[in-house]
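Residue-level structure breakdown
What follows is the residue order along each chain.
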Amino acid sequence: MTVGVLREGGEENRVALLPEHIPFLVKKNTTVLIESDAGASSCASNVEYVDAGAAIQTRDYILKNSDIVLKINPPEEDQIPKGKILISILNPLTNTQLVKKLASSDVTSFSLDMTPRTTRAQAVDILSSMATIAGYKAVLVAASKLPNFFPMFMSASGTIRPSKVLILGAGVAGLQSLATSRKLGAVVEVFDVRRAVKEEVQSLGGKFIEVEGAKDDSAAGGYAVEQTEEYQKKQAELIHQHAIKSNVVICTAQIPGKKAPLLITKATVDAMMPGSVIIDMAAGSGGNCELTRKDETIIYNRVRIIGNSNYPSKMPVDASKMLGKNYLNFMDLLIDQEGNLNLDFDDEIIAGTCITKDGEICNERVKEIISFEES
Ligand code: NAD
C-alpha cells in the first residue's frame, strides 16, 4: 500500500500528516510519499519526514503512484487522483461540482466532514477536532483586538470591570470558546437552540440564555433543527438585548448543509458598544452576522467584525497533529496489518464518509442535492 500526502495551497498552513504520524503507517507495511515542502508551514521539514520513514516526491509522482491520496482542502483540478482513493474534507453538500468531477474521474472519495456522529466515530471526527481549535483561537483573537481587559482588575488606578462575552451556538467550538473566555476571566453568556446543552454551559461557568418554545431536537443526532417563525422572533429579540451589552460576540451557530442562521442583524450592530468585537466563525456558510464578509475584517459603527472561517490553519502544528491522528484512525479502518486495502462498506464510518465510488456518487444526501440543482 502507498499513501501520498499533497501540499495544501493558498492560505492553508496545515498538512494532512506530520512526521510523527509516519511510523504508524510504516508498521502497517505502507509506503508514505510526501509532496516536497508539504509540512513547511506546520514546522515539519522534508528531512524530518525522511527520518520518520517517508519519501519526498513531486505531486505528479504521488498522484501516479499512490493508492490513497490525502488532502485537507478539496483538491484543485491538477490534484485529483484519477482512479485512486482520496481522503479529504470535501464539504460535499455544497461542493457539488467537485463531487461530479470526482465521480467522472473514477475517484473513490471519502470526506471526513461526513463522519457519522457516533461514539465509535469520534476518533475520526475532524469537525470536532478542528472546532476545538477554532473555538480556542477565536477567543484569543477577540482578546487581542478588544480595547478592554477580559478579566476584572482592582488596582490603585481604579477598578476595571470584566468583559462580557456572548457566544452563539454551544457545539464543540462554542463550548471551547466558553472555556477559554472563562479562563481569561470574562463573564460569559451562551445561547443555543438545543436545550440539551444548558447543563454543559453551566458546568463550564457560563450563563445559558433560554428562549421558550424550542422544537424537540432529541432525534437530530446532536445537530440543531430549524425552528418556528415565532421562536425565531423571540430569539432575535433576546439575542439583540444581550449582544448590545457584550464586548465580544462569538458566532458559531450552524446547521449542517444549510446556510448559517442569521442571529446578529445590522440593527443590533448599530446598537453595540464602540470597540466591541464580533468573531463570526460561521462565515464560511453565510455567517451569523448580517454584515460578515467571509475571510475579511470590517469595521462598522466602531465594531470590528471578523469573518475568519479557518482558525485551525492559524494553529497549524496542533491542528495538523489532531487532523493527522483523525486521518490515521480512518486509514486504520481501510488498511490491514499486512498493508492490504480492506474497504468494508458494511462499516458505518466507511459507508457514511464515502462520497463517490465506481464512477458514481454514492452519498444519498449529496445525490439529492445534485438532482435538485439539476431539476
Ligand atoms: P455545529 O457546528 O453543526 O453547530 C454549532 C452549534 O450551533 C450547535 O450547538 C447548534 O445547536 C447551534 N445552532 C444551530 N442553529 C442555531 C441557532 N439558530 N441559534 C443558536 N444556536 C444554533 O455543531 P457541532 O459543534 O459540530 O456539534 C453539535 C453537537 O453534536 C455537539 O455539541 C455534540 O453534542 C454533538 N457531537 C457528537 C459527536 C459524536 O458523538 N461523535 C461528535 C461531535 C459533536
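First, a word on scope: everything that follows refers to the structure included in this document.

Considerations on the overall build of the protein
Broken down by element type, the protein carries 12 helices and 17 strands. Radius of gyration (C-alpha) of the protein: 22 Å, near the 21 Å computed for a compact globule of 375 residues. In terms of overall dimensions, the protein has a C-alpha envelope of 65 × 55 × 35 Å along the principal axes. Among the 375 residues that make up the protein, the fraction classed as buried is 49%. Of the roughly 17300 Å² of accessible surface on the protein, 50% is carried by carbon and sulfur atoms. With 40 positive and 47 negative side-chain charges, the protein shows a spacing of 7 Å between the two charge centroids.

Some words on the pattern of salt bridges
The tally for this structure, following the rule as stated, stands at 18 salt bridges. Bridged by salt links that share partners, the residues R7, E35, R59 and D78 form one connected network.

Some remarks on the packing of helix α5 (residues 126-145) against helix α6 (residues 172-183)
Here α5 crosses α6 at 40°, and the two axes come no closer than 7 Å. Seen from above, α5 lies across α6 with right-handed handedness. On α6, the residues touching S128, A131, T132, G135, Y136, V139 and L140 of α5 are V172, A173, Q176, S177, T180 and S181. Classifying every residue of the contact of α5 with α6 by side-chain character gives 6 nonpolar, 7 polar and no charged.

What to know about the site of the ligand
Close contacts around the ligand come from 24 residues, with R117, S128, V172, D192 and R194 the closest. V172 places a main-chain nitrogen or oxygen 2.7 Å from an oxygen atom of the ligand. Note that an oxygen atom of the ligand is positioned 3.3 Å from one of the backbone N or O atoms of Q254. Contact with the protein chains hides 85% of the accessible area of the ligand, taken as 830 Å² for the molecule alone. Of the residues that constitute the shell around the ligand, the class distribution is 11 nonpolar, 9 polar and 4 charged.

Considerations on helix α4 (residues 96-104)
Those residues of α4 that sit buried are T96, L98, V99, L102 and A103. The arc that holds every buried residue of α4, seen down its axis, measures 155°, which confines them to one face. In α4, the exposed positions that point more than 90 degrees away from the buried face belong to Q97 and S104. Next to the buried residues of α4 lie β5 (85-88), β6 (108-111), β16 (354-357), β17 (360-361) and α12 (364-374). Directly after α4, the chain includes D106, whose backbone phi takes a positive value near 55°.

What about the environment of T268?
Residue placement: T268 occurs in helix α9 (residues 266-270). Assessed through its relative accessible area of 3%, T268 is described here as buried. Put simply, T268 and Q241 are 27 residues apart on the chain and 8.4 Å apart in space, counted from C-alpha to C-alpha. Beyond its immediate sequence surroundings of up to four residues, T268 is in contact with H240, A243 and I244. A distance of 2.8 Å separates the side chain of T268 from the side chain of H240, its partner in a polar contact.

Focus: unusual backbone geometry
In this model, C43 sits at a positive phi of 65°, which is unusual for a non-glycine residue. Turning to its location among the elements, C43 is positioned in the loop between β2 (31-35) and α2 (46-52). Classification of C43 by relative accessible area gives exposed; the value is 63%. With phi around 60°, D295 is a residue other than glycine that occupies positive phi space. With respect to the helices and strands, the residue D295 is situated in the loop between β13 (277-280) and β14 (297-300).

Thoughts on the nonpolar core
Counting residues in hydrophobic clusters, the biggest one holds 41 residues, and the most contacted among them are L17, I68, L70, I87, Y327 and M331. Tallying contributions element by element places helix α10 (residues 316-334) first for this core, with 7 residues. Dropping the residues within four chain positions of it, I68 is found in contact with M1, T2, V3, G4, I85, I87, M331, L334, I335 and L341.

Comments concerning the side chain of Q235
Tracing the backbone shows Q235 in helix α8 (residues 229-243). Setting aside residues no more than four positions away along its own chain, Q235 makes contact with F191, V193, V211 and L263.

Cut-offs applied
- Residues numbered from 1 in each chain as written.
- Predicted model: local features only at pLDDT ≥ 70, side-chain atom pairs only at ≥ 80, totals over all residues.
- Heavy atoms only, no water.
- Helix = DSSP H or I, 4+ residues; strand = E, 2+ residues; numbered from the N terminus.
- Rg over C-alpha atoms; globule rule 2.2 N^0.38 Å.
- Buried < 20%, exposed > 50% of the residue type's maximum accessible area, 1.4 Å probe, protein only.
- Areas by Shrake-Rupley, 256 points an atom, 1.4 Å probe, with all protein chains shown as cover.
- Lys, Arg positive; Asp, Glu negative; His and termini not counted.
- Charge placed at Lys NZ, Arg CZ, Asp CG, Glu CD.
- Salt bridge = Lys/Arg side-chain N within 4 Å of Asp/Glu carboxyl O.
- Axes fitted to C-alpha atoms, helices over the stretch in contact; angles between N-to-C directions.
- Left-handed = near helix turned anticlockwise from the far one by under 90°.
- Contact = heavy atoms within 4.5 Å.
- Nonpolar A, V, L, I, M, F, W, Y, C, P; charged D, E, K, R; others polar.
- Near = heavy atom within 4 Å.
- Polar contact = N/O pair within 3.5 Å; in protein donor to acceptor, adjacent residues only side chain to side chain.
- Arc of directions from axis to C-beta.
- Core = buried A, V, L, I, M, F, W, Y, C linked by side-chain atoms within 4.5 Å.

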